[in-house]
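What follows is each chain in one-letter form.
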Amino acid sequence: MDHFLYRDGVLHAEDVPLTEIAAEVGTPFYCYSTATLTRHFRLFDEALAGTDHLVCYAMKANSNQAVLKLMAELGAGADVVSGGEYARAVAAGFPGERIVFSGVGKTRAEMRAALEGGIRQFNLESEPEMEVLNEVALSLGKVAPVTVRVNPDVDAKTHEKIATGKSENKFGIPISRAREVYARAAALPGLEVVGIDVHIGSQLTELEPYGLAFDKVAALTAALRADGHTIRRLDLGGGLGIPYERSNSAPPLPIEYGALVKEKLGHLGCEIEIEPGRLIAGNAGILVSEVIYVKSGEGRDFLILDAAMNDLVRPAMYGAHHDIVPVIEPEPGVEPHVYDIVGPVCESGDTFAKGRKLPPVGPGDLVAFRSAGAYGATMASEYNSRPLIPEVLVKDGQFALVRARPSFEEMIARDTIPTWM
Ligand code: LLP
């Protein structure tokens, strides 16, 4: 069910015409749909129904406080990877017992904050990290619940920059060494082993790699239990992909993923945690931008937008595809034009799409990037001193600015001049 549809010739977010939001907040801006966010969370929750489980939203995908509050109210947990994300999760209302702390390089300060504020578990990624968490926990008179993230050495068949489950990746400990690492963890008085963690990558479009990883986790659960460890929780990470191109075949659905989880791991009697990010937020958001110029180049036309790579870096960084559509519905039968769609940033990499077919548009027209709700705003920067763009949340016929665009003055005021100048 798509909540970004044309109605009366104008692209809407739920019941709100995007032209109305653009007139109020200016372009470019991100716009999120409450209905889609809600639906996507529920798809995962329902896919694991009948099993003790917690869907921990991977907030790196979209960490706007309003989105987080919505997730917290729906009953989600949160997967955080930094002190900043932990603070955001707490501020949005996630109770500590629903927050899991992932990430390959947690600092002492981050561990302390989470232990003091409350945490469901730390997903540990190395032995040095294990020793440090033990020390920090003991210094606070606490025992830290932990899993160890194992690297199952499976090919997630995704973009190399977001594959994490191969032995050459920096994540987790090799599954072949898991038993000795768990033995060490069990010997540390500041840690309590509660389960196993695995995450093999992002934007997975097939279930097969999950199946391979889950088989290894099932075997490891049996081996660790035989060694005397209490394995009561399995954190399976996130990674289920979304359809970025409407023309392409769709990735597996959460219900199919859930069925695989139950098939491979259901017999173990563990509580299941999953950490989806992209599938919850990705297709719940769009980026709306205005055409500044159409420039005729040598054998090509450039569509120059007011959005740039600093606002949405995925095309520049991963060669990622985002469907781009006009906000005003094209007349039926209109011949598409071929454009190179670019932003105003001073780099050739600031190219959203090359040779993209689009109904003809001109200066002042609005276009929307689909599937931009995940890893859009969270990866944005102020490169070229372009202030972070606003974010808007829609619910039925209402919309609210959930992050305002900073003024140039506010942006400049974050810097300070040394006293000697
Ligand atoms: N859990 C862990 C430990 C992760 O590292 C990630 C994503 C997730 C969960 C959520 O994965 P998801 O369900 O969103 O696929 N910036 C990239 C994606 C990076 C993903 C990093 N880790 C992009 O724009 O495609």
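As the structure is a prediction and not an experimental result, all values here were calculated from the model.

Trainee: Help me understand helix 7 (residues 178-187), please; the structure alone is not making it clear to me.
Mentor: Structural remark: α-helix, 3.6 residues per turn; residues separated by three or four positions point the same way. Those residues of helix 7 not exposed but buried are A178, V181, Y182 and A185. End-on view of helix 7: buried residues confined to an arc of 100°, all on one side of the axis. Looking at the buried positions of helix 7, the neighbouring elements they touch are helix 6 (127-139), strand 9 (144-151), strand 10 (173-174), strand 11 (191-197) and helix 8 (208-226).

Trainee: Quick question: what am I supposed to make of unusual backbone geometry here?
Mentor: A negative phi angle is the norm for most residues apart from glycine, just as the trans form is the norm for most peptide bonds. Cis geometry marks the peptide bond from T27 to P28, where omega comes out at -10°. Relative to the helices and strands, P28 resides in the loop between helix 1 (18-25) and strand 4 (29-33). Despite not being glycine, E14 has its phi angle at roughly 50°, a positive value. Examined against the element boundaries, E14 turns out to sit in the loop between strand 2 (10-13) and strand 3 (16-17). Since its relative accessible area comes to 7%, E14 is described here as buried.

Trainee: It is not clear to me how the domain arrangement of the protein should be interpreted in this structure. Could you clarify?
Mentor: Interfaces are often described in size by the accessible area the parts lose on coming together. Segmentation of the protein into domains returns domain 1 (4-31 + 282-413) and domain 2 (34-280). Averaged C-alpha coordinates put domain 1 and domain 2 at centres separated by 32 Å. Facing 23 residues of domain 1, the contacting portion of domain 2 comprises 24 residues. Of the roughly 2100 Å² buried between domain 1 and domain 2, counting both surfaces, carbon and sulfur atoms make up 50%. Among the residues domain 1 hides against domain 2, the three largest losses belong to N283, Y318 and Y375. Together they make up 25% of the total.

Trainee: Help me out: how do you make sense of the nonpolar core in this one?
Mentor: The tendency in soluble globular proteins is for nonpolar side chains to be buried as a group. Ranked by internal contacts, the top residues of the largest apolar core, which has 98 residues, are L37, F94, F122, L234, L236 and L265. Broken down by element, this core gets its largest block of residues, seven residues, from helix 8. Contacts of L37, omitting those with residues within four sequence positions, involve Y32, V67, L70, M71, I280, A281, A284 and L393. Counting residues in each nonpolar core, the second largest holds 19 residues, with F4, A22, V25 and V394 among its members.

Trainee: Even after reading the chapter, I still don't get the packing of helix 7 against helix 8, so can you show me in this structure?
Mentor: Packed helices, taken two at a time, are described by their axes: the angle between them and the distance between them. The N-to-C vectors of helix 7 and helix 8 enclose an angle of 45°; their axes lie 10 Å apart at closest approach. Classified by the angle their axes make, helix 7 and helix 8 are oblique. Here the hand of the crossing between helix 7 and helix 8 comes out right-handed. Contacts between helix 7 and helix 8 pair A178, R179 and Y182 from the former with L220, A223 and L224 from the latter. Within the contact of helix 7 with helix 8, the residues separate by chemical class into five nonpolar, no polar and one charged.

Trainee: Is there a simple way to think about the site of the ligand in this case?
Mentor: Around the ligand sit 18 residues in total, of which S202, E275, R278, R314 and Y375 are the nearest. In this structure, G239 approaches the ligand through a main-chain N or O atom, which is 2.8 Å from an oxygen atom. Within the contact set of the ligand, an oxygen atom lies 2.6 Å away from a side-chain nitrogen or oxygen of Y375. The class makeup of the residues in the shell around the ligand is six nonpolar, six polar and six charged.

Trainee: Looking at this structure, I do not really get helix 2 (residues 34-47). What am I missing?
Mentor: For helix 2, with 14 residues, the first-to-last C-alpha span of 20 Å sits near the 20 Å given by 1.5 Å per residue. Within helix 2, burial applies to T34, T36, L37, T38, H40, F41, F44 and A47. Between a side-chain oxygen at the N-terminus of helix 2 and the backbone nitrogen of A35 the separation is 3.4 Å; the capping residue is S33.

Trainee: Just checking my understanding: could you explain the pairing of strand 14 (residues 285-297) for this structure?
Mentor: The side chains of a regular strand alternate, residue by residue, between the two faces of the sheet. Judged from the four bridges that link them, strand 4 and strand 14 form a sheet pairing that is antiparallel. Looking across to strand 14, one finds that Y30 is bridged to L287. Judged from the four bridges that link them, strand 14 and strand 19 (residues 366-369) form a sheet pairing that is antiparallel. Residue pairing for strand 19: E290 is matched across the bridge by L366. As paired elements, strand 14 and strand 15 (residues 300-305) share six bridges and run antiparallel to each other.

Trainee: Whenever I open this one, the side chain of N134 confuses me. Can you help?
Mentor: With respect to the element layout, N134 can be found in helix 6. For N134, a relative accessible area of 8% puts it in the buried group. Only 2.6 Å separates the side chain of N134 from the backbone nitrogen of G190, close enough to count as a polar contact. With residues up to four places along the chain from it excluded, the contact list for N134 reads L188, P189, G190 and L191.

Trainee: In this structure, what is going on with the side chain of E271? I would like to understand it.
Mentor: Its place among the elements puts E271 in strand 13 (residues 271-274). Assessed through its relative accessible area of 16%, E271 is described here as buried. There is a polar contact of 2.4 Å between the side chain of E271 and the side chain of R120. With residues near it in sequence (within four places) discarded, E271 still touches D52, H53, R120, R232, R233 and L234.

Trainee: Help me out: how do you make sense of the state of the cysteines in this one?
Mentor: Counted by the stated rule, this structure contains zero disulfides. With no disulfide partner, C270 has as its closest neighbouring cysteine sulfur the one in C56, 15 Å distant. The class of C270 is buried, set by a relative accessible area of 7%.

Trainee: Help me understand the packing of helix 2 against helix 3 (residues 65-74), please; the structure alone is not making it clear to me.
Mentor: Closest axis-to-axis distance for the helix 2/helix 3 pair is 11 Å, and the angle between their directions is 40°. Overall, the two elements helix 2 and helix 3 adopt an arrangement that is oblique. Crossing of helix 2 over helix 3 shows right-handed handedness. Facing helix 2, whose interface residues are T34, L37, T38, F41 and R42, helix 3 presents V67, L70, M71 and L74. Residue composition of the contact of helix 2 with helix 3, grouped by class: six nonpolar, two polar and one charged.

Calculation criteria
Residues numbered from 1 in each chain as written. Predicted model: local features only at pLDDT ≥ 70, side-chain atom pairs only at ≥ 80, totals over all residues. Heavy atoms only, no water. Buried < 20%, exposed > 50% of the residue type's maximum accessible area, 1.4 Å probe, protein only. Helix = DSSP H or I, 4+ residues; strand = E, 2+ residues; numbered from the N terminus. Arc of directions from axis to C-beta. Contact = heavy atoms within 4.5 Å. Domains from an automatic or database assignment. Buried area = accessible area lost by both parts, 1.4 Å probe. Core = buried A, V, L, I, M, F, W, Y, C linked by side-chain atoms within 4.5 Å. Axes fitted to C-alpha atoms, helices over the stretch in contact; angles between N-to-C directions. Parallel < 35°, antiparallel > 145°, perpendicular 65-115°, else oblique. Left-handed = near helix turned anticlockwise from the far one by under 90°. Nonpolar A, V, L, I, M, F, W, Y, C, P; charged D, E, K, R; others polar. Near = heavy atom within 4 Å. Polar contact = N/O pair within 3.5 Å; in protein donor to acceptor, adjacent residues only side chain to side chain. Expected span 1.5 Å × (residues − 1). Pairing = 2+ DSSP bridges. Disulfide = S-S within 2.5 Å.

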